[in-house]
Amino acid sequence: MSLQIIGIGVSRGIAIGKAHILMRGDFEVAEYHIEEETLAEEVSRFRNALEIARIQLREVRNRIPSGTKADIVEFINAHLLMLEDSTLTVAPEHLIISKQINAEWAIKQQRNALVEVFEAMDDAYLRTRKDDIDHVVNRILRILTTETQSSVDIEDHGNLNGHILLADELSPADTVLMQHQGIAAFITEYGGPLSHTAIIARSLRIPAIVGMHNVRRYIRDDETLIIDGYRGVLIANPDQTILDYYLARQQAELQRLAKLQTLKREPATTRDNVPVHLSGNIELPSDVEAIIEVGADGVGLYRTEFMFMNRSDIPSEEEQLERYTDVIRMMNGLPLTIRTLDLGADKTLDNNERPCTNPALGLRAVRLCLHDLSLFRPQLRAIMRAAAEGPVRMMIPMLSNQQEILQVLNLVREIRNELVARGLPFDPTIPVGGMIEVPAAALAADMFAKHLSFLSIGTNDLIQYTLAIDRVDDEVNYLYDPSHPAVLQLIHRVIQAGNQANIPVSMCGEMAGDTAYTRLLLGLGLRDFSMQAASLLEVKSIIKNCDTRELQPIAEKFMHTHDLIERKVLMKQLGIKG
């Protein structure tokens, strides 16, 4: 009899293959006392584990085939950089010596302290970066507890070509090696759609499902499995009818992906000749290559937080200027929207704790920047100076009232005068826009539009704040609903405010790249989308087959109806599955 289990589909596609269950023991790390005369030996053991971890990751990086997308290599480089960071190298040594504890316990304690920083962040994408800390620390712990120098243990499992891997979690390095081994798909018991592992799976087009708790209890090695990455469904032991159905879907999927590649240089224009702007989201300069490869119209969101993280100092104006300028030059004249720092202040940059009752509602993003101008002014100057090199817009996150807007604009005017006095090149007319992420900002969007050059809807936070739901919390994320009438009415209000003020309105949250909502957003009047590169061609394909005149009345009706039966009918017309 067939068994069906549902998880979170994070990478689309259909895969059929034999199950391979990866069982890795949990780390039962115990604390024990180290005598003073053997402390140096314990520190040496820790340093040796760090070096072995570096060697392992370099081996992984060296096996990545030439021509692989730069962003995939960058994930491995990021973990290598973490192995050089003092927070994971020097700090545990201090703990070993000062508390006379074993290396395993010291790195675990430091891991817990670092994870607290990320868990307190409101931005779901940044909060998920705690996974990278876990992956690196687990690698070190595995070396310390087994004293092994072998590479990633996925390679010790024989020929996995065509198999579907089931594991507790997978690191980016695991995922890269999986492709090297020819694995057809993977399922993990933990993880989420924003993890680097999920991002790599999408980039490599490996079908993947995460958050499928205890799945390994119900599946046997070598059992035939079907993975539906679109719906997040695992089917075990399928009968011939089910198997034939998914074989046909798999073949159709291959044909569809081949057809998508032909759209790279075609404009995103609807059937009724409405042009739509499709941009990409990036966080590292290396991401630009993927954006250009799929024919994006520019970058609608450049996250700058990673320059500020995992370091004890603040990046200087010149360091930031160099980074922004590198990206501008890589863009070859395409427009770039740089978002100013969007971090919380539950901890300072040097990791000294600050009391913060609720970081999600506390001093973060623009609030933090206006509170600490020594953080904000250098970034504003760097962005304005970088804009002399190419088309750049500056975007301010988490604005919630008029006073914040006026403060930012006054700062921009002051810096403009400073740069003129210093004789430095900059763009005096750089457009300054704001992210609409707070329900209050959406409700007051007409006021925001009077002061700003553009608006960008950050749906990730807007939906969370509107529905009081953390989408990363798998206890409640089933309630996370981008199509909730309240959310749609806020989005529509922002779009209308932009139209009335004759300024652009874009969307850079995950909803923009989710093809389930493309028709709905077009019907609500959105004409500027920004998303991950992996989603862009699929969104473009849908846009080219839409008629906005047909979608508008359906979307407006859907936005206001609360009748469940009518909503089901309208969802079908809009292509929303539910």
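All residue numbers refer to position in the chain's written sequence, counted from 1. Only residues with pLDDT of 70 or above have their local features reported here, since the model is predicted, and side-chain atom pairs are shown and tallied only from 80 upward, although totals for entire chains, interfaces and linings are computed over all residues. To obtain the side-chain values, all non-hydrogen atoms of the structure were included, while hydrogens and water were left out.

Description of the sheet that holds strand β5 (residues 185–188)
The line we're drawing: At least two DSSP bridges between two strands are required for those strands to pair. The helix and strand labels rest on DSSP assignments: H or I over at least four residues marks a helix, E over at least two residues marks a strand, and numbering proceeds from the N terminus. Each axis is a line fitted through C-alpha atoms, and for a helix only the stretch in contact is used; angles between axes span 0 to 180 degrees, taken between their N-to-C directions. In what follows, residue pairs with any heavy atoms lying within 4.5 Å of each other are defined as contacts.
Here we have eight strands laid out as an open sheet, ordered β1-β8-β7-β3-β4-β5-β6-β2, and mixed in their pairing. Looking at the sheet topology across the chains shown, the edges are occupied by β1 (3–6) and β2 (8–11). Ignoring strand direction, the axes of neighbouring strands in this sheet form an average angle of 30°. For β1 and strand β8 (residues 233–236), the ladder comprises four bridges, and the chain directions are antiparallel. Paired with Ile-5 across the bridge in β8 is Leu-234. Its contacts with the sheet place helix α9 (residues 240–260) against β3 (14–21), β7 (224–228) and β8, and it is angled at close to 120° to β3.

Focus: the nonpolar core
Cut-off, in case you're wondering: In these notes, a set of buried Ala, Val, Leu, Ile, Met, Phe, Trp, Tyr and Cys residues joined through side-chain atoms within 4.5 Å is what counts as a nonpolar core. Note on classification: 1.4 Å probe, protein chains only; a residue is buried when its accessible area is under 20% of the maximum for its type, exposed when over 50%, partly exposed between these limits.
Within the largest apolar cluster, 142 residues are counted, with the highest numbers of intra-cluster contacts made by Ile-140, Ile-491 and Leu-520. Tallying contributions element by element places helix α1 (residues 39–63) first for this core, with nine residues. Among the nonpolar cores identified, the runner-up in size contains 18 residues, and Phe-75, Ala-201, Leu-204 and Ile-206 belong to it.

Looking at unusual backbone geometry
A negative phi angle characterises most non-glycine residues, just as the trans form characterises most peptide bonds. Phi angles above zero are rare outside glycine, and Asn-237 is one such case at about 55°. Of the residues examined, Asn-237 reaches a relative accessible area of 36% and is grouped as partly exposed. Backbone geometry places Asn-273, a non-glycine residue, at a positive phi of 65°. Relative to the helices and strands, Asn-273 is located in the loop between α9 and β9 (277–282).

Some details on the pairing of strand β13 (residues 432–436)
Most of β13 is tucked away: five of the five residues are buried. Where burial is concerned, the two faces of β13 agree: the one with Val-432, Gly-434 and Ile-436 and the one with Gly-433 and Met-435 are both buried. Here strand β12 (residues 392–396) pairs with β13 via three bridges, running parallel. Residue pairing for β13: Met-394 is matched across the bridge by Val-432. In the sheet, β13 pairs with strand β14 (residues 455–457) via three bridges, with the strands oriented parallel. Bridge pairing in β14 links Ile-436 to Ile-457.

Considerations on the pattern of salt bridges
Short version of the rule: The term salt bridge refers to a pairing of a side-chain nitrogen on Lys or Arg with a carboxyl oxygen on Asp or Glu at a separation within 4 Å.
Following the criterion strictly, the structure yields 28 salt bridges and no others. For Arg-45, the salt bridge identified is with Glu-42, shortest N-O distance 2.8 Å. In this pair, Arg-45 and Glu-42 are both assigned in helix α1, three residues apart and thus about one turn of the helix distant. Two residues, Glu-317 and Arg-385, come together in a salt bridge whose shortest N-O distance is 2.7 Å. Of this pair, Glu-317 sits in helix α11 (residues 317–331) while Arg-385 sits in helix α13 (residues 373–386), and the two are 68 residues apart along the sequence. Arg-385 matches Glu-317 in its accessibility class, with the two residues each being buried.

Describing the side chain of Ser-456
Our working definition: Throughout this description, a polar contact denotes any pair of N or O atoms lying within 3.5 Å of each other; where both atoms belong to protein, one of them has to be capable of donating a hydrogen while the other can accept it, and for residues adjacent in sequence the pair is counted only when both atoms sit in side chains.
Residue placement: Ser-456 occurs in strand β14. Assessed through its relative accessible area of 0%, Ser-456 is described here as buried. Side-chain polar atoms of Ser-456 contact the side chain of Ser-506, separated by 3.1 Å. Once you skip the residues sitting within four places of it in the chain, Ser-456 turns out to touch Met-395, Gly-434, Met-435, Ile-436, Ser-506, Met-507 and Cys-508.

Let's talk about the packing of α11 against α13
Between two packed helices, both the angle of their axes relative to each other and the distance between the axes serve to describe the pair. Note the cut-off: The sense of a crossing depends on the near helix, which, turned anticlockwise from the far helix by less than a right angle, makes the crossing left-handed and, turned clockwise, makes it right-handed.
Closest axis-to-axis distance for the α11/α13 pair is 8 Å, and the angle between their directions is 35°. The element α11 and its partner α13 pack so that their crossing is right-handed. Here α11 contributes Glu-317, Glu-318, Gln-320, Leu-321, Tyr-324, Thr-325 and Ile-328 to the contact with α13, which in turn contributes Pro-378, Gln-379, Arg-381, Ala-382, Ile-383, Arg-385 and Ala-386.

Brief notes about the confidence of the model for the protein
What counts is decided by this rule: The predictor attaches a confidence to each residue, called pLDDT, with possible values from 0 through 100.
Per-residue pLDDT for the protein has a mean of 87; in total, 89% of the residues score no lower than 70. Note on residues 148–152: pLDDT under 50 across the span, and 15 contacts to partners over four residues away in sequence or across chains. Ignoring residues within four places in sequence, the model shows residues 345–355, a span with pLDDT below 50, making 27 contacts including any to other chains.

Thoughts on the packing of aromatic side chains
Each aromatic ring pair is summarised here by two numbers: the centre-to-centre distance and the angle between the ring planes. Using the following cut-off: Whether two aromatic rings pair depends on their centres lying within 6.5 Å, for rings of Phe, Tyr and Trp, where Trp uses its six-membered ring; planes under 30 degrees apart make the pair stacked, over 60 edge-to-face, and the rest tilted. A positively charged side chain is recorded as over a ring if its NZ (Lys) or CZ (Arg) lies within 6 Å of the ring centre. The angle to the ring normal must also be within 35 degrees.
Across all of its chains, the model carries two aromatic pairs by this definition. Judged by centre distance (5.0 Å) and plane angle (85°), the rings of Tyr-245 and Tyr-246 are edge-to-face. Ring plane angle 90° and centroid distance 6.1 Å describe the contact between Tyr-302 and Tyr-324, whose orientation is recorded as edge-to-face. With Tyr-302 in strand β10 (residues 299–303) and Tyr-324 in helix α11, this residue pair connects regions lying 22 residues apart in the sequence. The residues Tyr-302 and Tyr-324 share a single accessibility class, namely buried. If you follow Arg-393 out to its NZ or CZ, it ends over the ring of Phe-454, 3.7 Å from the centre.

Overview of α13
We count it as follows: By this rule, a helix spans an expected 1.5 Å times one less than how many residues it contains.
With 14 residues, α13 extends 19 Å between its outermost C-alpha atoms, agreeing within 8% with the 20 Å of an ideal straight helix rising 1.5 Å per residue. Within α13, 12 of the 14 residues are buried, which leaves the element mostly enclosed by the surrounding structure. What α13 keeps buried is the set Leu-375, Phe-376, Arg-377, Pro-378, Gln-379, Leu-380, Arg-381, Ala-382, Ile-383, Met-384, Arg-385 and Ala-386. Buried residues belonging to α13 abut α11, β11 (336–339), α12 (366–371), β12 and α14 (402–422).

Remarks on α14
Since the α-helix packs 3.6 residues into each turn, any two residues three or four apart lie on the same face. We apply this condition: The directions from the helix axis to the C-beta atoms are what the arc is built from.
Taking 1.5 Å as the rise per residue, α14 with 21 residues should run 30 Å; its terminal C-alpha atoms sit 30 Å apart, in good agreement. Turning to α14, its buried residues number three or more, namely Glu-404, Ile-405, Val-408, Leu-409, Leu-411, Val-412, Ile-415 and Leu-419. Taken around the axis of α14, the buried residues stretch over an arc of 155°, which confines them to a single face. Seen from the open side of α14, the exposed residues pointing more than 90 degrees away from its buried face are Asn-417, Val-420 and Ala-421. Its buried side turned inward, α14 meets α12, α13, β12, β13 and α16 (445–451). Backbone nitrogen of Gln-403 and a side-chain oxygen of the N-cap are separated by 3.0 Å at the start of α14; the cap is Asn-401. Just past α14, the residue Gly-423 takes up positive phi, approximately 70°.

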